[in-house]
Amino acid sequence: MMKNETKKQTFDRSAGVLMSISSLPSDYGIGTMGKAAYEFADFVRACNHKYWQVLPIGSTTYGDSPYQSYSAFAGNPYFIDLDMLAEDGLLLKSDMLAVDWGDGKVPVHISEEEAGNGNFTQNTDIGLGNECYVSYEKMYQNRFAVLRKAFESYKAVRSESRVKLAAGLPEYKKYDNFIRDNADWIENYALFMAVKEHFNGVVWSEWDEDIRFRTEEGLKKYRSLLADDIDFWIFVQYEFDKQWQKLKNYVNSIGVEIIGDIPIYMGYDSADVWAESQYFQLNEDRLCEKVAGVPPDAFSDLGQKWGNPLYDWDTLEKDDFSWWYRRMHKSAQLYDVIRIDHFIGIVKYYTIPADMPDARQGEYCMGPGKKLTDVINRAIGDKKIIAEDLGVLVPEVNELLEENNYPGMKVLEFAFGGDRKNPHLPHNYTQNCVVYGGTHDNETLMGYFIEHPDWELGYAYDYLDTRDKERMVDQVFRAAYGSVANLVIFAVQDILKLGNWARMNTPSTLGTNWKWRVTSSHGSSASVPSTGTIILLPVFSSVLDSSFTVTTLVRLPFLSFLNSLTVVVYILGSCPNTAIASS
């Protein structure tokens, strides 16, 4: 019998920056948990913000979306920092430089000594890619080969630790402890990935029947046949966990907390749906007859057919929502605050026949509501929840948010349509909400104001008190930080005033999403504003000390390019309407 676990969480007045791990600069094609991540945390702290929000950190599948992952529990192998592996003696720097990472850098074949002392020249070739964007194709082709080199080195280290005495816990024991502590998911995940690779990456419903249906004989067969590959995928998660925990400990030590993001649904082609299919609405062939999405609305006449399998809430409830408990407990280990995407689906979810081409023919069904949030509250302990409650207005959702004191979301790009009662307008906010300029699915703020015609922006001009499109983003900052909202978060693209070329995702499209990156050179005209551009950096005054200066802020390695720009810092008080311009 589950007891009432209503949560009464609160957020202090604070601010944060949204920056995907994938968008951080690095020398190897995609952002990682390496040096740049620590520098970015320093930047967030130097702005005296409290939160760094990331997009989901799970391994991505077809379409490269972080909201479609192979596992609810596993981390993205691409985010493992290769330089850290080299520091641990598992990789050679020269091996990494010899790979085409899709960032336009021409691979170089040099000795390890030359790689170590930097005694080489690396040219660029636009035909090989662009440093401003991730090439997921080349990540997929090349990253795992490099990680397998690290794995071969690690196996030798692990074996040696069994026979060689050393201070502290032996390496093999650390590895065994990781497997033990994650036994509820790690072996299913590693087997899933190994079998998927064995069948050339096809969706699990196309595997041979013995392993597709997880027969006892099939499981035994593939565990034996693919033992080394299974060990590789466990190693990948071991290294991910080690690097993530080290990064999170550092971030927390400087007074910054991490807001994680989890999609409400799992992708069909995932270890969870394959290994725990009883918790999803699948037929006897373990295929979806109905899938998730949202109905037509002002943004899409066809709605959105996401294609995710739906939960079998009745079966989950009979098992006390144990899968959700494990998922949220793991999330609470990874993050300080957890944003639940499409929170509405917990109360009321949209079902679409799987054979329909779009989302026009669907219906709503009721979800578990409070029964599930009680389990979530129990699983996360003292961690906090942000509910992404955008979309159709559902009174039951508002009641559930109020009962648990979960803050919902307000988005300023949604504020200037309709009338003055629009809930996204700052004068309609209550304290317990989280304000964003836009979400990962929206245009950048600069792109929104530059590319929309005057007739669409008339109310925005009046409300923000300017018709100068170059100033509109600054005025949005003022409106958000001057509101009563307890928490305000802007994407780094908006802080840097980047156009729609830096947009993260355009819903219902494939091929160009989730790719944007800050460049490691900081000087590329395609990645940062030009000289003379005014950059607004909001800084909270309540935790400033006497050593703070603008010069100190722009000398942070992550923002070294700001030395060539005009910088305006807004000193933000701990109460509404206290933004003061300072240069």
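Quick notes on the rules
Residues numbered from 1 in each chain as written. Predicted model: local features only at pLDDT ≥ 70, side-chain atom pairs only at ≥ 80, totals over all residues. Heavy atoms only, no water. Helix = DSSP H or I, 4+ residues; strand = E, 2+ residues; numbered from the N terminus. Buried < 20%, exposed > 50% of the residue type's maximum accessible area, 1.4 Å probe, protein only. Contact = heavy atoms within 4.5 Å. Areas by Shrake-Rupley, 256 points an atom, 1.4 Å probe, with all protein chains shown as cover. Salt bridge = Lys/Arg side-chain N within 4 Å of Asp/Glu carboxyl O. Pairing = 2+ DSSP bridges. Axes fitted to C-alpha atoms, helices over the stretch in contact; angles between N-to-C directions. 1 Å grid on protein atoms, 1.4 Å probe; cavity = no way out; pocket = protein on both sides within 12 Å on 5 of 7 lines; lining within 4 Å. Points joined across faces, edges and corners; volume = space filled by probe spheres on them. Nonpolar A, V, L, I, M, F, W, Y, C, P; charged D, E, K, R; others polar. Polar contact = N/O pair within 3.5 Å; in protein donor to acceptor, adjacent residues only side chain to side chain. Phe/Tyr/Trp six-rings, centres within 6.5 Å; stacked < 30°, edge-to-face > 60°. Lys NZ or Arg CZ within 6 Å of the ring centre and 35° of its normal.

K.L.:
Help me understand the overall build of the protein, please; the structure alone is not making it clear to me.
P.N.:
Secondary structure summary: the protein contains 21 helices and 17 strands in total. Here the protein holds 583 residues, and 57% of them are scored as buried. Put simply, of all contacts in the protein between residues at least 6 apart along the chain, 72% involve residues at least 24 apart. Only carbon and sulfur atoms are counted for the fraction: they give 50% of the accessible area of the protein, which is about 24500 Å².

K.L.:
Just checking my understanding: could you explain the pattern of salt bridges for this structure?
P.N.:
Here the idea is simple: oppositely charged side chains can pair when their charged atoms come close. All chains considered together, the criterion is met by 27 salt bridges. A salt bridge links Asp 83 to Lys 93; its shortest N-O distance comes to 3.2 Å. Here Asp 83, found in helix H2 (residues 82-87), pairs with Lys 93, found in helix H3 (residues 93-97); they are 10 residues apart in sequence, far enough to count as distant. Look at Asp 83 and you get partly exposed, because its relative accessible area is 24%. Looking at Lys 93, the relative accessible area reads 22%, which means it is partly exposed.

K.L.:
I keep staring at the sheet that holds strand E10 (residues 363-366) and nothing clicks. Help me out?
P.N.:
Within a sheet, adjacent strands bond to each other through the backbone by hydrogen bonds, running parallel or antiparallel. Strand order in the open sheet formed by four strands is E7-E6-E9-E10, and the pairing between neighbours is antiparallel. Every other strand in the sheet has two partners, leaving strand E7 (304-309) and E10 as the edge strands with one partner each. Strand after strand, the sheet turns through a mean of 50° between neighbouring axes, direction not considered. Direction of pairing for strand E6 (residues 290-294) relative to E7: antiparallel, over a ladder of three bridges. Paired with Val 294 across the two strands is Gln 304, which belongs to E7.

K.L.:
I keep staring at empty space enclosed by the protein and nothing clicks. Help me out?
P.N.:
Think of a ball as big as a water molecule: rolled over the atoms, this probe shows where empty space is left. The final tally for this structure, using the stated rule, is six cavities of 30 Å³ or more. Quantified by volume, the largest cavity comes out at close to 250 Å³. Looking at the largest cavity, it is lined by 27 residues, and the ones nearest its centre are Gly 58, Ser 71, Ala 72, Phe 73 and Ala 74. If you list the elements that add at least two residues to the lining of the largest cavity, you get helix H10 (227-253), strand E5 (257-262) and helix H13 (322-334). With four residues, H13 is the largest single contributor of residues to the lining of the largest cavity. Each residue belonging to the lining of the largest cavity can be placed in one class, and the counts come to 16 nonpolar, seven polar and four charged. The wall of the second largest cavity is formed by 19 residues, among which Thr 439, His 440, Ala 491, Gln 493 and Met 504 lie closest to the centre. Here the element with the most residues in the lining of the second largest cavity is helix H20 (residues 492-495); it accounts for three residues. When its residues are assigned to classes, the lining of the second largest cavity shows seven nonpolar, eight polar and four charged.

K.L.:
Mind showing me how you'd approach the pairing of strand E9 (residues 348-353) here?
P.N.:
Put simply, side chains in a regular strand alternate between the two faces of the sheet. The sheet contact formed by E6 and E9 spans four bridges and is antiparallel. Residue pairing for E9: Lys 290 is matched across the bridge by Pro 353. As defined by bridge partners, E9 adjoins E10 across four bridges and the pair is classed as antiparallel. Across the sheet, Tyr 350 pairs through a bridge with Tyr 364, a residue of E10.

K.L.:
It is not clear to me how the sheet that holds strand E8 (residues 337-340) should be interpreted in this structure. Could you clarify?
P.N.:
A sheet is described by the order of its strands in space; here eight strands give the open sequence E11-E8-E5-E2-E1-E14-E13-E12, paired in parallel fashion. One side of each edge strand has no neighbouring strand; the edge strands of this open sheet are strand E11 (384-387) and strand E12 (408-411). Geometrically, the sheet is characterised by an average inter-axis angle of 25° between neighbouring strands, direction not taken into account. As judged from the five bridges shared by strand E1 (residues 14-18) and strand E14 (residues 487-491), these two strands associate in the parallel manner. Note on E14: the bridge partner recorded for Leu 18 is Ala 491. Where H10 meets the sheet, it contacts strand E2 (51-53) and E5, and its direction lies at approximately 135° from that of E5. Set on the sheet, helix H19 (residues 469-481) makes contact with E1, strand E13 (433-436) and E14; between it and E14 the angle comes to about 160°.

K.L.:
Looking at this structure, how should I read the pairing of E5?
P.N.:
With five of six residues buried, E5 is to be regarded as a mostly interior element. Note: E5 against E8, four bridges, orientation parallel. Across the sheet, the residue bridging to Ile 262 is Ile 340, located in E8.

K.L.:
Would you take a moment to explain the side chain of Asn 377 for this structure?
P.N.:
Examined against the element boundaries, Asn 377 turns out to sit in helix H15 (residues 370-380). For Asn 377, a relative accessible area of 5% puts it in the buried group. Separated by 2.8 Å, the side chains of Asn 377 and Asn 404 make a polar contact. Reaching out from Asn 377, the side chain makes a polar contact with the side chain of Tyr 406 at a distance of 2.5 Å.

K.L.:
I would appreciate a short explanation of the side chain of Glu 276 in the present structure.
P.N.:
Here Glu 276 lies in the loop between helix H11 (271-275) and E6. For Glu 276, a relative accessible area of 12% gives the class buried. Excluding residues within four positions of it along the chain, Glu 276 makes contact with Ala 271, Trp 323 and Arg 326.

K.L.:
Whenever I open this one, the packing of aromatic side chains confuses me. Can you help?
P.N.:
Each aromatic ring pair is summarised here by two numbers: the centre-to-centre distance and the angle between the ring planes. Applying the stated criterion across every chain, the model contains 47 aromatic pairs. Feature note: the residues Phe 73, Trp 185, Tyr 189, Tyr 265, Phe 280, Trp 306, Tyr 311, Trp 313, Phe 321, Trp 323 and Trp 324 constitute an aromatic cluster, connected by ring pairs. In this arrangement the basic side chain of Arg 148 is found over the ring face of Phe 232, its NZ or CZ atom lying 4.0 Å from the centre. Over the ring of Trp 324 we find Arg 327, and its NZ or CZ is 5.0 Å from the ring centre.

K.L.:
Even after reading the chapter, I still don't get unusual backbone geometry, so can you show me in this structure?
P.N.:
With glycine set apart, most residues show a phi of negative sign, and most peptide bonds adopt trans. For Asn 405, which is not a glycine, the phi torsion comes out positive at approximately 60°. Within the secondary structure, Asn 405 sits in the loop between helix H16 (395-404) and E12. A positive phi angle is found at Asp 465, which is not glycine, with a value near 60°. Looking at the element boundaries, Asp 465 is found in the loop between helix H18 (454-464) and H19.

K.L.:
Looking at this structure, I do not really get the environment of Glu 470. What am I missing?
P.N.:
With respect to the secondary-structure elements, Glu 470 resides in helix H19. The spacing of Glu 470 and Phe 449 is 21 residues in sequence and 8.4 Å in space, taken between C-alpha atoms. For Glu 470, the residues in contact, after removing those within four places along its chain, are Met 446, Ile 450 and Lys 497.

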